[in-house]
Amino acid sequence: MRLEEVGKRYGLRGGWVLRGVDVECRAGEAVAVVGRNGSGKSTLLRLAAGLTRPTRGTVTGRPRVVGYVPDRFPPAGRMSATAYLTHLGRVRGLGTALSAARAGELLDRLALSGGRDAPLATLSKGNTQKVAVAQALLVPPGLLVLDEPWSGLDASAHEVLAGLLAEVTASGGTVLFTDHREAVARTHATRSLHVAGGRVTPYGESGPSDPVDVVLAWRGSGPRPPAALPGVRAEPGPDGTVALRIPRQDTDALLLAALREGWSVARVTEAAR
Ligand SMILES: Nc1ncnc2c1ncn2[C@@H]1O[C@H](COP(=O)(O)OP(=O)(O)OP(=O)(O)O)[C@@H](O)[C@H]1O
C-alpha cells in the first residue's frame, strides 16, 4: 500500500494536519507510528485504513480486508460481546456458525472476562479493548490498523496481542499501529515512522542488531568482580552498577550469564539513537 503526496486538513479553514506524506507499507511489515499528542498519528492511521479521505494526494494498493481498532471503541450498548462479534462477522460475510466460532476463539485467546454474554456497556476498559481487537480480526485482515491497541490491556493480554499481530504479518498482512510509549511501539514493529510538524519521516529500522543498553548491579556474595561480560561501557561505579551496550539479539544470553555470575538486572533500555 502506498500513500503518495498525501495531505490532510479537516474543513476548508483548518490547518494542514499532514502534508506531503509519502509512505509505503509492504506485506509482512509491522509499522509503528510515533509522535506527540495531536501530531496527526490517528489521522495517518485513518487515511491508511480508508476511514478518511486525503485532501490531497492518493492512497493506492490498500488490501481488500482492513481491520481497524480505534483509539476509543464506541459500542457501549446492551448487546453482548458474543452477539456483537457474531453480528459483525456475518456483516463481513462469514456465516453465523463461523462468526460465532471465530468470535469465541478470539475471546478465548484474549481471555475476555466480565462475561461474553453480558452487555458490552458493563465491561471494563481492558475487556472492551479486547472486543475492539477481536472485531478487527474476525476476518484475517490484509491490513490491520490499530490506534493505541495496548492501552488498558494487562500484561498477559499484551503478549496475546503481540502474537495476534505476528500472525497477521506472518501470513503476509501489514500491521500499522501507534503507541505513545516509544519503547512499546519499537518492540512490536519492524520499523517506525515519526509524525511531527505535519511531516512523516522514517524513524529508523529496528532489527536484531539494534543496540540495547543494559545496567547491572552486583548482588553476588563477596567482593564485586570486574564485569567479564561483552559490551561493557563503564566499569562499576560507586553505586555498584555497570553499563553495557549490546545487540538486541544477544540480550537474553547476556542477561542469563550475568544473573548466573551474581549480577542483577537494574535496567534494559533501547539505546538512544
Ligand atoms: N475529525 C476531526 N475534525 C477536526 N480536527 C481534527 C479531527 N481529527 C483530528 N483533528 C485534529 O487534527 C490534529 C491531529 O489529530 P490526531 O488525532 O490525528 O493526532 P494524534 O497524534 O493521534 O494525537 P493523540 O496522540 O493525542 O491521539 C489535531 O489538531 C486534532 O485536533
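Not measured: the values here are computed from a predicted model. Residues take numbers from 1 onward in each chain, read along the sequence in its written order. Predicted model: local features are reported for residues with pLDDT of at least 70 only, side-chain atom pairs are reported and counted for 80 or more only, and whole-chain, interface and lining totals are derived from all residues. With hydrogens and water excluded, all non-hydrogen atoms of the structure serve as input to the side-chain values.

**Quick word on the pattern of salt bridges**
Oppositely charged side chains may form a pair once their charged atoms are brought near each other. To be explicit about the condition: Here, a salt bridge means any side-chain nitrogen of Lys or Arg that lies within 4 Å of a carboxyl oxygen of Asp or Glu. By the criteria applied, helices consist of DSSP H or I runs no shorter than four residues and strands consist of E runs no shorter than two, each listed in order from the N terminus.
This structure, assessed with the given rule, holds nine salt bridges. Residues R191 and E29 are paired through a salt bridge, measuring 2.7 Å at the closest nitrogen-oxygen approach. Highlighted residues: R191 in strand 8 (residues 191–196) and E29 in the loop between strand 2 (16–24) and strand 3 (30–35), separated in sequence by 162 residues. A salt bridge links R245 to D213, with the shortest nitrogen-to-oxygen separation between them at 2.7 Å. Here the residue R245 occupies a position in strand 12 (residues 241–247), and D213 occupies one in strand 10 (residues 211–218), the gap between them amounting to 32 residues. Overlapping salt bridges bring together R26, E29 and R191 as one network.

**Details of helix 3 (residues 96–109)**
We count it as follows: The span you would expect from a helix comes to 1.5 Å times its residue count less one. For every residue, the accessible area obtained with a 1.4 Å probe (protein chains only) is divided by the maximum for its type, and the residue is called buried under 20%, exposed over 50%, and partly exposed between those limits. Picture the helix axis, draw a direction to every C-beta atom, and the arc is the one those directions span. Contacts: residue pairs with any heavy atoms within 4.5 Å of one another.
The end-to-end C-alpha separation of helix 3 is 20 Å, in line with the 20 Å expected for 14 residues at 1.5 Å each. All of the buried residues along helix 3 are S99, A103, G104, L106 and L107. Looking down the long axis of helix 3, one finds its buried residues gathered within 170 degrees of arc, a one-sided arrangement. Counted as exposed and oriented over 90 degrees from the buried face of helix 3: A97, L98 and D108. Along its buried surface, helix 3 packs onto helix 2 (81–91), helix 4 (125–137) and helix 5 (155–170).

**Considerations on the domain arrangement of the protein chain**
Basically, it comes down to this: Domain ranges listed in this record stem from an automatic or a database domain assignment.
Under the domain assignment, the protein chain is made up of domain 1 (2–205) and domain 2 (211–270). Using only C-alpha atoms to locate each centre, domain 1 and domain 2 end up separated by 37 Å.

**Brief notes about the sheet that holds strand 13 (residues 263–270)**
Put simply, the rule reads: The criterion for strand pairing is that DSSP finds at least two bridges linking the strands in question. Axes here refer to lines fitted to C-alpha atoms; in helices the fit is confined to the stretch in contact. Angles between the N-to-C directions go from 0 to 180 degrees.
Taken in spatial order, the four strands of this open sheet run 11-12-10-13, and their pairing is antiparallel. In the strand order of this sheet, the two ends are held by strand 11 (232–234) and strand 13, each with one partner. Looking at each pair of strands side by side, their axes are set apart by 30 degrees on average, direction ignored. With seven bridges joining them, strand 10 and strand 12 adopt antiparallel strand pairing. Residue pairing across strands places A217 opposite T241, the latter belonging to strand 12. Packed onto the sheet, helix 7 (residues 251–261) meets strand 10, strand 12 and strand 13 and runs at close to 160 degrees relative to strand 13.

**Side note on the pairing of strand 3**
For a regular strand, the rule is simple: side chains alternate between the two faces of the sheet. Within strand 3, five of the six residues are buried, which leaves the element mostly enclosed by the surrounding structure. Relative to strand 7 (residues 174–178), strand 3 runs parallel, the two sharing four bridges. Paired with V33 across the two strands is T178, which belongs to strand 7. Note that strand 3 and strand 8 share five bridges and pair parallel. When the sheet's bridge partners are listed, V34 is paired in strand 8 with H194.

**A short note on the site of the ligand**
To be explicit about the condition: The nearness test applies per residue and asks whether one of its heavy atoms lies within 4 Å of the molecule or strand. Side-chain atoms alone can form a polar contact between residues adjacent in sequence; in general such a contact is a pair of N or O atoms within 3.5 Å, and within protein one must be able to donate a hydrogen while the other accepts it. Residue exposure ignores everything except the shown protein chains as possible cover, and the areas themselves are Shrake-Rupley values with a 1.4 Å probe. Charged means Asp, Glu, Lys or Arg here, nonpolar means Ala, Val, Leu, Ile, Met, Phe, Trp, Tyr, Cys or Pro, and polar covers whatever is left, Gly included.
What surrounds the ligand is the set Y10, V17, R36, N37, G38, S39, G40, K41, S42, T43 and R46. G38 places a polar main-chain atom, nitrogen or oxygen, 2.7 Å from an oxygen atom of the ligand. Within the side chain of K41, a nitrogen or oxygen atom sits 2.7 Å from an oxygen atom of the ligand. Burial of the ligand by the surrounding chains reaches 56%, relative to a free accessible area of 640 Å². In terms of residue count, helix 1 (residues 41–49) provides more of the shell around the ligand than any other element does, four residues in total. Partitioning the shell around the ligand into residue classes produces two nonpolar, six polar and three charged.

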